[in-house]
Amino acid sequence: MTPETPKFWTLPPGDGRAGPRSRALFTAAQSLIPGGVNSPVRAFRSVGGDPPYIRAAHGAHLLTEDGVTLIDYVGSWGPAILGHAHPAVIEAVTRAAQDGLSFGACAAGEVEFAELLCRVVPALRGGLVRLVSSGTEATMSALRLARGFTGRTKIVKADGGYHGHADMLLVAAGSGAATLGIPGSGGVPEATVHDTLTVPFNDAEAFARVLAENPGQVAAIIIEPVAGNMGCVPPQPGYLQRLRELCSEHGTLLILDEVMTGFRVAFGGAHARYGVTPDLVCLGKIVGGGMPCGAYGGRRDIMQQIAPLGPVYQAGTLSGNPLAVAAGLATLGLLEREDPYAQLEAASAALVDGIAARAARHGVPMVGNRVGAMFTGFFRAGEVHNYDDAKGSDLAAFGRFHGEMLARGVYLAPSQFEAAFLSTAHDAGVIEHTLQAADEALAIVARHA
Ligand SMILES: *Cc1c(COP(=O)(O)O)cnc(C)c1O
C-alpha cells in the first residue's frame with residue numbers, strides 16, 4: 001500500500017477510464033508486448049478506449065495506476081471468489097514463500113491438496129488427480145489422455161466453447177477468440193484440427209448425430225457444463241444428463257471443463273450442482289486461489305494411463321508448485337468452512353434481476369443469464385442458449401454500456417462474450433453502487449439506440 005492511498009477500497013469508486021498514467025503505460029506496452037497485453041482478453045479493442053492499469057486489488061475493488069478505485073466483476077477471470085487479497089490466502093502464500101518458491105520434488109502440500117480435491121469433487125472420488133499450472137494444460141492433457149485411453153482420435157467440442165489455447169481446441173473457440181473474430185487460430189495446421197468436431201451447445205441430438213456418423217471414432221466430448229466463454233449460458237434441463245448417456249452408450253469419454261465453473265457455481269463444481277459425473281474433469285482458476293494452478297483427473301482406470309504409470313506422457317516443471325498449492329488449499333478450505341454459495345446466489349440474483357429490470361425500464365433489450373456467482377447480460381431480446389444466440393447481441397450497445405459503467409467505477413470484462421463474476425466481498429453497498437451505475441449507463445444506451 002502506497003502512503004498516498006490509504007485503504008483505497010473504502011473510497012467511493014471513480015471514473016476508471018484510462019487516465020494519463022494508464023495511457024502512458026499502455027503506449028509503452030504496445031511497443032514491447034503484442035497489442036500491449038499478455039493475454040488478448042485484456043485488450044479493449046471490442047469496446048473501445050484503453051485499458052486502465054491496475055496497481056492493487058483488495059476485496060471487491062481494484063485500484064488503478066491513475067489512483068481511481070473500481071468495483072471489479074472480472075475477479076482475475078474467475079479465481080477471486082473470496083475477493084482479492086483475502087488475508088487467509090495471502091498469509092498461506094507468504095508462509096509458503098518463506099520456505100522456498102519451488103522444489104520440483106515431492107511435497108506434503110500436494111498430498112493434502114489431492115486429498116481435498118478427491119474428497120469434495122464428485123468426479124474425483126475414488127479416482128486420481130494430477131496438478132498442472134494452467135487450465136490450458138489441464139484440458140490438453142485430459143484430451144491426450146482420452147485419446148490414449150480409447151485409442152480413438154476424434155474429439156467433439158461446442159461452438160463458442162473455450163478450453164484454453166491448445167492447437168486442437170482452437171476451433172469455433174469462445175472467449176478472446178470470439179471477441180476478436182479469430183475462432184480458428186492462425187498457425188494451427190489443418191491436420192491438427194481435422195479431428196476436432198463441433199456441435200451447438202445445448203443440443204444433445206447434434207452430438208448424437210456426430211457419434212452416429214463417426215462410429216467408434218470419438219474419443220471424447222469436452223464441454224463447459226455452464227458455458228462461460230460465449231458469455232454465461234446455462235445448460236438446458238437434461239442436456240448434461242443426455243450427454244452422459246450418449247457417452248456411456250458409445251464408449252466416448254465425457255470431459256467436463258470446469259476450469260471456470262469449478263467451485264464457482266457450486267462447491268465441488270457444476271457437476272455437483274447438476275448431478276452428472278464425467279469421466280474426467282478439468283479444473284483451474286479458483287483451485288489456484290489466484291496463483292497459476294490447474295488440475296485434471298477422474299476415473300482411476302483412465303488416469304492410470306498417465307506416465308509414470310502408463311504410456312500417456314504429461315509433465316511440468318512447476319506442477320504442484322508449493323505457493324499455488326498453498327493458495328489453493330487456503331481458498332478451498334475457506335469455501336468449505338464458510339459455505340458462501342447461498343450468499344453468492346442471492347447476491348447474484350439481486351444484481352442480475354436488478355440490472356434486467358432497469359434495462360426493461362429503459363427499453364433496452366437484455367437477457368440476464370445467471371448460474372450462481374457467474375452471469376452475463378446479453379444485449380438482445382429472446383433467450384440465449386448457444387453461441388449463435390449470443391452472437392445475435394448488440395455489440396455496439398454492449399460497448400457503450402461497458403464504457404459508461406467504467407466511467408462510473410464498475411469494471412466489467414471488455415467483451416459481450418465473457419461472464420462476470422461475483423465474490424464474497426461484493427456486499428450490499430457494492431451491489432447498490434453497481435445498480436445505480438447500471439441505471440445511468442442503460443439510460444445512455446437507450447438514448448443511442
Ligand atoms: C480460462 C479457461 C481455460 C483456460 O485456462 P488458462 O488457465 O487460461 O489456461 C480453459 N477452460 C475454461 C472453461 C476456461 O474458462
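Look up a bit, the structure's there.
An account of the accompanying structure is given in this report. Here the structure is a predicted model, which means the values were calculated and not measured.

Parameters at a glance
Residues numbered from 1 in each chain as written. Predicted model: local features only at pLDDT ≥ 70, side-chain atom pairs only at ≥ 80, totals over all residues. Heavy atoms only, no water. Axes fitted to C-alpha atoms, helices over the stretch in contact; angles between N-to-C directions. Helix = DSSP H or I, 4+ residues; strand = E, 2+ residues; numbered from the N terminus. Parallel < 35°, antiparallel > 145°, perpendicular 65-115°, else oblique. Left-handed = near helix turned anticlockwise from the far one by under 90°. Contact = heavy atoms within 4.5 Å. Nonpolar A, V, L, I, M, F, W, Y, C, P; charged D, E, K, R; others polar. Near = heavy atom within 4 Å. Polar contact = N/O pair within 3.5 Å; in protein donor to acceptor, adjacent residues only side chain to side chain. Areas by Shrake-Rupley, 256 points an atom, 1.4 Å probe, with all protein chains shown as cover. Phe/Tyr/Trp six-rings, centres within 6.5 Å; stacked < 30°, edge-to-face > 60°. Buried < 20%, exposed > 50% of the residue type's maximum accessible area, 1.4 Å probe, protein only. Salt bridge = Lys/Arg side-chain N within 4 Å of Asp/Glu carboxyl O. Pairing = 2+ DSSP bridges. Expected span 1.5 Å × (residues − 1). Core = buried A, V, L, I, M, F, W, Y, C linked by side-chain atoms within 4.5 Å.

## Quick look at the packing of helix H14 (residues 395-407) against helix H15 (residues 428-448)
Then, number 1: Where H14 contacts H15, the two axes come as close as 9 Å, and the packing angle between them is 140 degrees. By the angle class used here, H14 and H15 are oblique. Of the two elements, H14 crosses H15, and the hand of that crossing is right-handed. Residues Ala 397, Arg 400, Phe 401, Glu 404 and Met 405 of H14 form the contact with H15, whose own contacting residues are Thr 434, Ala 437, Ala 438, Ala 441, Leu 442, Ile 444, Val 445 and His 448.
Then, number 2: Taken together, the residues of the contact of H14 with H15 break down into nine nonpolar, two polar and two charged.

## So, the site of the ligand
Then, number 1: The immediate surroundings of the ligand are formed by Ser 134, Gly 135, Thr 136, Tyr 162, His 163, Gly 164, Glu 224, Asn 229, Asp 257, Val 259, Met 260 and Lys 285.
Then, number 2: Separating a nitrogen atom of the ligand from a backbone N or O atom of Tyr 162 is a distance of 3.4 Å.
Then, number 3: Here the ligand, which alone exposes 390 Å², has 82% of that area covered by the protein.

## As for the packing of aromatic side chains
Then, number 1: By the definition in use, this model includes eight aromatic pairs.
Then, number 2: With centroids separated by 6.3 Å and ring planes inclined at 55 degrees, the aromatic side chains of Phe 267 and Tyr 341 adopt a geometry described as tilted. Of this pair, Phe 267 sits in the loop between strand S8 (253-257) and helix H9 (270-274) while Tyr 341 is found in helix H12 (residues 341-362), placing the two residues 74 residues apart along the sequence.
Then, number 3: Among the residues examined, Phe 267 registers a relative accessible area of 22% and is labelled partly exposed.
Then, number 4: Judged by relative accessible area, Tyr 341 falls into the buried class, the value being 12%.
Then, number 5: Cluster of aromatic residues (ring-pair linked, three or more members): Phe 263, Phe 267 and Tyr 341.

## What to know about the pattern of salt bridges
Where charged atoms of side chains with opposite charge meet at close range, the side chains can pair.
Then, number 1: Tallying each qualifying case throughout the model produces 16 salt bridges.
Then, number 2: As a salt-bridge pair, Arg 95 and Glu 91 come within 2.9 Å of each other at their nearest N and O atoms. With Arg 95 and Glu 91 both in helix H2 (residues 87-97) and four residues apart, the pair spans about one turn of that helix.
Then, number 3: Residue Arg 299 pairs with Asp 301 through a salt bridge whose shortest N-O separation is 2.8 Å.
Then, number 4: On the basis of relative accessible area, Asp 301 is assigned to the partly exposed category, the value being 35%.
Then, number 5: Several salt bridges converge on common partners, so that one network encompasses Arg 244, Asp 279, Arg 299 and Asp 301.

## Focus on the sheet that holds strand S11 (residues 367-371)
Then, number 1: Overall, antiparallel pairing links the three strands, which are arranged S11-S12-S14 in an open sheet. Lying at the two open borders of the sheet, with one neighbouring strand each, are S11 and strand S14 (420-421).
Then, number 2: In this structure, S11 lies alongside strand S12 (residues 374-378), joined through five bridges in antiparallel fashion. Looking at S12, one finds that Val 371 is bridged to Met 374.
Then, number 3: Against the sheet, H12 makes contact with S11 and S12, and its axis sits at roughly 175 degrees relative to S11, the strand it touches most.

## Let's talk about H12
Then, number 1: Given a rise of 1.5 Å per residue, 22 residues ought to cover 32 Å, and the 31 Å separating the end C-alpha atoms of H12 matches this to within 8%.
Then, number 2: Burial in H12 covers these residues: Tyr 341, Leu 344, Ala 347, Ser 348, Ala 349, Leu 351, Val 352, Gly 354, Ile 355, Arg 358 and Ala 359.
Then, number 3: Buried residues along H12 sit against helix H11 (322-338), S11, S12 and H15.
Then, number 4: Where H12 ends, the next residue or the one after it, Gly 363, has phi of about 75 degrees, a positive value.

## Section: the sheet that holds strand S4 (residues 128-132)
Then, number 1: With mixed pairing, seven strands are arranged side by side in an open sheet as S4-S10-S9-S8-S7-S5-S6. Pairing within the sheet leaves two strands with one partner each, and these edge strands are S4 and strand S6 (196-199). The sheet shows a mean angle of 20 degrees between the axes of neighbouring strands, direction not considered.
Then, number 2: When strand S5 (residues 154-158) meets strand S7 (residues 218-223), the two strands line up parallel, connected through four bridges.

## Description of the side chain of Thr 139
Then, number 1: Relative to the assigned elements, Thr 139 resides in helix H4 (residues 135-150).
Then, number 2: Once residues within four sequence positions are removed from consideration, Thr 139 is found in contact with His 163, Leu 169, Ile 222, Asp 257 and Cys 282.

## As for the environment of Asp 66
Then, number 1: Structurally, Asp 66 is set in the loop between strand S2 (61-64) and strand S3 (69-72).
Then, number 2: On the accessibility criterion, Asp 66 (25% relative accessible area) is partly exposed.
Then, number 3: Taking the C-alpha atoms as reference points, Asp 66 and Ile 255, 189 residues apart in sequence, are found 43 Å from one another.
Then, number 4: A polar atom in the side chain of Asp 66 sits 2.9 Å from the backbone nitrogen of Gly 19.

## Looking at helix H3 (residues 108-120)
Then, number 1: Under the 1.5 Å per step criterion, the end-to-end length of H3 is 19 Å for 13 residues, consistent within 8% with the ideal 18 Å.
Then, number 2: By the burial criterion, the buried members of H3 are Phe 113, Leu 116, Leu 117, Cys 118 and Val 120.

## Examining the nonpolar core
Then, number 1: In this structure, Tyr 73, Leu 117 and Phe 263 are the most contacted members of the largest nonpolar core, which totals 74 residues.
Then, number 2: No other element matches the 10 residues that H11 contributes to this core.
Then, number 3: If near-sequence neighbours (up to four positions away) are discounted, Leu 117 is found in contact with Leu 124, Val 129, Leu 131, Phe 263, Leu 283, Val 287, Ala 295 and Leu 332.
Then, number 4: Ranked by size, the runner-up nonpolar core spans 31 residues in total, among them Ala 208, Ala 227, Cys 247 and Leu 256.

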